[in-house]
Protein chains: 2
Amino acid sequence: MSPVKGNALIGQSGGPTCVINQSLVGVIEEVHKTPSIENLYGAVHGVQGILNENLIDLMKESWDTLERVAITPSAALGSVRKKVTREECEQIFKIFQKHNIRYFYYIGGNDSAETANIINELAQESKFELRVFHIPKTIDNDLLETDHCPGYGSAARFVTLAFMGDNYDNRSLPGIKINVVMGRHAGFLTAASRAARIDPDDAPHLIYVPERVFTKEQFLDDVQKVLDRLGRAVISVSEGIHGPSGEPVFSTGEVDSHGNVQLSGTGALGDFLSGLIKNNLGKKLRVRSDTFGYLQRSFPGCVSEVDSYEARMAGRNAVRYSLQEDWDGSVIFRRTANGKDYKCVTEIVPLKKLAKNTKSLEDQYINLAGNDIKEEYLDYVLPLMGELPKTGKFVGYKL
Amino acid sequence: MSPVKGNALIGQSGGPTCVINQSLVGVIEEVHKTPSIENLYGAVHGVQGILNENLIDLMKESWDTLERVAITPSAALGSVRKKVTREECEQIFKIFQKHNIRYFYYIGGNDSAETANIINELAQESKFELRVFHIPKTIDNDLLETDHCPGYGSAARFVTLAFMGDNYDNRSLPGIKINVVMGRHAGFLTAASRAARIDPDDAPHLIYVPERVFTKEQFLDDVQKVLDRLGRAVISVSEGIHGPSGEPVFSTGEVDSHGNVQLSGTGALGDFLSGLIKNNLGKKLRVRSDTFGYLQRSFPGCVSEVDSYEARMAGRNAVRYSLQEDWDGSVIFRRTANGKDYKCVTEIVPLKKLAKNTKSLEDQYINLAGNDIKEEYLDYVLPLMGELPKTGKFVGYKL
């Protein structure tokens, strides 16, 4: 069968990443080569932009603009955090019919896959020919089916570089340092900090992910042991650490429209843990905390090259897939080679496979005590980050 | 006169920077070419290492190690925060005599210049031939006499990149965002965030430096105006902002050995300002804060090339100066050309000129309302940061 003629629409959703615009530009590039797609509309702020018919014409943007946008962090079309109701999906589908939208590309997390899936079902029910493709992105790396998510590699790189630098900072002026890393439910990004440990005594000395229960007693005991051994301690903590019944270790109490407690955009957890250490291990200890915050998802200038390349490829391939056959789905990555020869290819899986649920950091990567990440995780994460700077220390020959 | 024969000693002091080891390696490189210097000792943790005679032999380190150390943030020899007494300086001087130290290089801020100056005076009183050189470093950029300080350009680059990324993040998911920047007394680093504003509506929309009095009333009024105009606001705040009588706007109350209130290594100021906005401008506003923290001084992988080059040059030239004539002093930078042809040369000024006092951000760069930095500051700061990524936005052609 020949591809259906009509317009295409693209939107971006959820928290930004450093490479989400690579996928967007990948789609634009490929649409330029595709005669059956007449125009490509950009939805401003995702589904909200579709509902408001706030659409822009992406085919008029110059190649210079596109290349600049591609290396720019965060959603160039604007993003949105919105759970779409079935009624809104129906409204969106009507707008698609009105504008003769025959191709829909949606870049986002599992909520976006779900939205795409409902719209796709509506089209099928109405026998309106529509190709729907979800292009994954998330620094949390928690989507099902795919080897990893575009956006994770760059965030992992940022976190690793931050810990590498902080390791040297802490060696030079010893003390206790807590660094809070993003990741509400999944510990992938916090686990990436393990890559900063080049020599056995390098930071991070302790790593806490939300996949394990956090207890203050074990934490204090762990910190004291590192302190006794090294006279310093750098600690990697996920913002999502929680007690036995799932309650956050500390929160500001603010709740967003999804009912999620606010974890990011505040230094409260780090400061709470600093206070905990001082009050229990010694008032005079030099304890500091940094919360890496939004820089993890939007810091330009040290993005992973692999991640950029793959995010662009995901966008390009989504368009190619949408022309080849009568299918819809999520673009996923499958690793075909690892290590120095690392290579990933894209594949398509049904939209509903990524919708709704997410995954956690696999248990095999977490040590028994729940305070460290095993070395095996490096095999998984290092190829995603690109080359790290070759820093070093003096041997320190005695006089 | 021919240079005196003997050993040399080098130490590092104060807060880390990303290029402090470039200066260190610059000295080591140059000493290798200098027959009159027999050996070069590294003091582990600055003056503390001299007092404890904890010295290492730097001439045995391999060139590979040296090149790795050069690109490594933070003090590779270990640093120290210690005000040295006159008695300790006398003790240090005795250790110099014992080890036949004839060349002393000290990398640090104004306290280090002061220590170097006292040791130099002791040597002169005893007619012990000693060349003493201070090599400046500080991300605060607050040393007198010099055009700028090694370490500032890289920290300024980090802060600018962080605001560039956060501008796009905040455009994509609008809200109010407060970013707290290091700089207890001097606003240079906070002012550098101005370089992220490429288009007039780009972040930061408000900038508060410690050179002006901060009032909550003006702050709230400023934020409301930006919010009315743009529907979002990204705010750059120095950690050192204070009220009319110099009291910090918010502090944890912790005081260090110098009597300085703890400002870094906590998210408390940012969280306090977030609360202030919510309580006064609307509980439902999406307000977030990030405190950039130690990453500003030790994040590897996006260091300013100009800064690296100049820090290395400062180290090399310190050794050259110490051989040429019977003088001592601080290595300073003088700008001989600006803009695209930017060039700095090093000069020597007497140690006491940089000791004791520091400087503030010049009034000419701060706007009348005290909530922004003037465009003129870009002429000063941009050449120090190296090239910034060429990010971009869609034109946004309407359908």
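Conventions adopted
- Throughout, a residue's number is its position along its own chain's written sequence, starting from 1.
- Labels follow written order: the first chain is A, the first ligand is 1, and so on.
- Whole-chain, interface and lining totals are the exception, using all residues; otherwise, since this is a predicted model, local features are given only for residues with pLDDT of at least 70 and side-chain atom pairs are given and counted only at 80 or more.
- Only hydrogens and water are set aside; all other atoms, that is, all heavy atoms of the structure, feed into the side-chain values.
- In this scheme, a residue with accessible area under 20% of its type's maximum is buried, one over 50% is exposed, and one in between is partly exposed, where area comes from a 1.4 Å probe on protein chains only.
- Per the convention used, a helix needs a DSSP run of H or I reaching at least four residues, while a strand needs a run of E reaching at least two, with both numbered from the N terminus.
- Note that the arc is defined by the directions from the helix axis to the C-beta atoms.
- Any pair of residues with heavy atoms lying within 4.5 Å of one another is described as a contacting pair.
- The term polar contact refers here to a pair of N or O atoms within 3.5 Å; inside protein, the definition further demands a hydrogen-donor-capable atom paired with an acceptor-capable atom, and it admits residues adjacent in sequence only when both atoms are side-chain atoms.
- Per the annotation, domain bounds derive from an automatic or database assignment of domains.
- Using a 1.4 Å probe, buried area is obtained as the accessible area two parts lose upon being combined, added over both of them.
- A pairing counts as a salt bridge when a side-chain nitrogen of Lys or Arg comes within 4 Å of a carboxyl oxygen of Asp or Glu.
- Under the scheme applied here, ten amino acids are nonpolar (Ala, Val, Leu, Ile, Met, Phe, Trp, Tyr, Cys and Pro), four are charged (Asp, Glu, Lys and Arg), and all others, including Gly, are polar.
- The angle between two axes is taken between their N-to-C directions and runs from 0 to 180 degrees, where each axis is a line fitted to C-alpha atoms and a helix contributes only its stretch in contact.
- In this scheme, roughly parallel covers angles under 35 degrees and roughly antiparallel covers those over 145, while 65 to 115 is roughly perpendicular and the rest are oblique.
- Any two strands are treated as partners once DSSP identifies two or more bridges connecting them.
- Working definition: a ring pair exists when centres of Phe, Tyr or Trp rings (six-membered ring for Trp) sit within 6.5 Å. Plane angles under 30 degrees give stacked, over 60 give edge-to-face, the rest tilted.
- What is meant by a nonpolar core is a set of buried Ala, Val, Leu, Ile, Met, Phe, Trp, Tyr and Cys residues, joined one to another through side-chain atoms within 4.5 Å.
- For the least-squares superposition of copies, only C-alpha atoms count, and only for residues with pLDDT at least 70 in both.

Enquirer: What should I look at first to understand helix 3 (residues 63-70) of chain A in this one?
Expert: Helical periodicity: at 3.6 residues per turn, an α-helix aligns residues three or four positions apart in one direction. All names here are of chain A. All of the buried residues along helix 3 are Thr65, Leu66, Val69 and Ala70. Looking down the long axis of helix 3, one finds its buried residues gathered within 135° of arc, a one-sided arrangement. Its buried side turned inward, helix 3 meets helix 1 (20-32) and helix 11 (305-324).

Enquirer: Is there a simple way to think about the side chain of B:His134 in this case?
Expert: All names here are of chain B. Inspection of the secondary structure assignment puts histidine 134 in strand 5 (residues 131-136). Within the local environment of histidine 134, its side chain forms a polar contact with the backbone oxygen of glycine 108, the two atoms lying 2.9 Å apart. Leave out the neighbours within four places in its chain, and histidine 134 touches Tyr106, Gly108, Gly109, Ser112, Ala113, Leu143, Gly329, Ser330, Val331, Leu351 and Leu354.

Enquirer: Looking at this structure, how should I read the domain arrangement of chain A?
Expert: All names here are of chain A. Taken as a whole, chain A is organised into domain 1 (6-139 + 303-353) and domain 2 (152-301 + 361-385). Domain 1 and domain 2 are separated by 33 Å when their C-alpha centres are compared. With both sides pooled, the region where domain 1 packs onto domain 2 buries about 1,500 Å², and carbon together with sulfur makes up 54% of that total. For domain 1, the biggest contributors to the area lost against domain 2 are Ile139, Val303 and Arg335; these three give 35% of the whole. For the interface between domain 1 and domain 2, the tally reads zero salt bridges. For the pair domain 1 and domain 2, the interface holds six residue pairs in polar contact (both at pLDDT 80 or more). Considered class by class, the residues forming the side of domain 1 that touches domain 2 number eight nonpolar, seven polar and six charged.

Enquirer: Can you walk me through the packing of helix 6 (residues 152-172) of chain B against helix 12 (residues 376-385) of chain B in this structure?
Expert: Any two packed helices are characterised by how steeply their axes cross, that is the angle between the axes, and by the distance between the axes. Residue and element names in this part refer to chain B. It is the contact of helix 6 with helix 12, at a shortest axis distance of 8 Å, that shows an interaxial angle of 105°. Relative to helix 12, helix 6 is oriented roughly perpendicular. For the pair formed by helix 6 and helix 12, the contact residues are Tyr152, Gly153, Ala156, Arg157 and Thr160 on the first element and Tyr377, Tyr380, Val381, Leu384 and Met385 on the second. Counted by class, the contact of helix 6 with helix 12 contains seven nonpolar, two polar and one charged residues.

Enquirer: Explain the sheet that holds strand 9 (residues 287-291) of chain B here, please?
Expert: By way of backbone hydrogen bonds, the strands of a sheet pair with one another, either parallel or antiparallel. All names here are of chain B. Spatially, 7-8-6-9 is the arrangement adopted by the four strands of the open sheet, whose pairing is parallel. Two strands lie at the open edges of the sheet, namely strand 7 (206-208) and strand 9, each paired on one side alone. Direction aside, neighbouring strands of the sheet carry axes that sit 15° apart on average. Examined bridge by bridge, strand 6 (residues 176-181) and strand 8 (residues 233-238) share six bridges and lie parallel to one another. Bridging across to strand 8, valine 180 finds its partner in valine 237. Across the sheet, helix 8 (residues 216-230) is in contact with strand 6, strand 7 and strand 8; its angle to strand 7 comes to roughly 160°.

Enquirer: What am I meant to see in the packing of aromatic side chains here?
Expert: Aromatic rings considered in pairs are described by the distance between their centres and by the relative angle of their planes. All names here are of chain A. Enumeration over the complete set of coordinates arrives at 29 aromatic pairs over all chains. Where phenylalanine 163 meets phenylalanine 292, the ring centres are 5.6 Å apart and the plane angle is 75°; that geometry is what we call edge-to-face. Of the two residues, phenylalanine 163 sits in helix 6 (residues 152-172) while phenylalanine 292 sits in the loop between strand 9 (287-291) and helix 10 (295-298), which places them 129 residues apart along the sequence. For phenylalanine 292, a relative accessible area of 2% gives the class buried. Ring geometry for tyrosine 377 versus tyrosine 380: centroids 5.4 Å apart, planes at 40°, classification tilted. Taken together, the residues span about one helical turn, with tyrosine 377 and tyrosine 380 both in helix 12 (residues 376-385) at a distance of three residues.

Enquirer: Sorry if this is basic, but what is going on with the sheet that holds strand 2 (residues 37-43) of chain A here?
Expert: Residue and element names in this part refer to chain A. In space, the seven strands of this open sheet follow the order 3-2-1-4-5-10-11, with mixed pairing throughout. Whereas interior strands pair on both sides, the edge strands pair on one side only; in this sheet they are strand 3 (55-57) and strand 11 (343-349). Sheet twist, expressed as the mean angle between neighbouring strand axes with direction ignored, is 30°. One ladder, built from two bridges, connects strand 5 (residues 131-136) with strand 10 (residues 329-337); its direction is parallel. Counterpart to phenylalanine 133 in the pairing with strand 10 is glycine 329. Those strands touched by helix 5 (residues 110-125) are strand 4 (101-108), strand 5 and strand 10, and its axis lies near 165° from that of strand 4.

Enquirer: What exactly am I supposed to notice about the side chain of A:Ser322 here?
Expert: All names here are of chain A. Note that serine 322 resides in helix 11. In this structure serine 322 comes out as buried when scored by relative accessible area, which is 3%. Setting aside chain neighbours within four positions, we find serine 322 in contact with Tyr103, Tyr105, Arg131, Phe133 and Trp327.

Enquirer: How do you make sense of the interface of chain A and chain B when you look at a structure like this?
Expert: When the parts of a complex come together, some accessible area is lost, and that lost area is often used as the size of the interface. Taken together, the contact between chain A and chain B spans 78 residues of the former and 78 residues of the latter. In total, about 6,200 Å² of surface goes out of reach between chain A and chain B, with carbon and sulfur atoms giving 59% of it. If you sort the residues of chain A by the area they bury against chain B, A:Phe394, A:Tyr397 and A:Leu399 come out on top, with a joint share of 13%. Linking chain A with chain B are two salt bridges. Our count for the chain A to chain B interface comes out at 30 residue pairs in polar contact (both at pLDDT 80 or more). Mapped by element, the contributors of at least two residues to the side of chain A that touches chain B are helix 1, strand 3, helix 3, helix 6, helix 9 (268-281), strand 9 and helix 10 of chain A.

Enquirer: Looking at this structure, how should I read the nonpolar core?
Expert: Soluble globular proteins tend to pack their nonpolar side chains together in the buried interior. With 146 residues, the main nonpolar core has A:Tyr105 and B:Tyr105 as its most contacted residues. When residues no more than four places from it in sequence are discounted, the contact partners of B:Tyr105 are B:Ala8, B:Leu9, B:Ile10, B:Gly11, B:Val27, B:Ile37, B:Phe133, B:Ile135, B:Ala318, B:Val319 and B:Ser322.

Enquirer: Just to check I follow, could you spell out the environment of A:Arg334 for this structure?
Expert: All names here are of chain A. On the secondary structure map, arginine 334 appears in strand 10. Through-space distance from the C-alpha of arginine 334 to that of lysine 356 is 21 Å; in sequence the pair is 22 residues apart. Once residues lying within four places of it in the same chain are set aside, the contact partners of arginine 334 are Asp147, Lys343, Cys344, Val345 and Glu347.

Enquirer: What am I meant to see in the relation of the copies chain A and chain B here?
Expert: Both copies of the chain are placed relative to one another by a rotation about an axis and a shift along it. Between chain A and chain B, the superposition needs a rotation of 180° and an axial shift of 0.0 Å, giving an RMSD of 0.0 Å. Given the turn and translation reported, the copies of this chain are related as if by a two-fold rotation axis. Of every C-alpha in chain A, the one belonging to A:Gly267 sits nearest the axis of rotation, 2.0 Å from it. Most of the interface of chain A is mirrored in chain B, where 100% of its interface residues are also at the interface.

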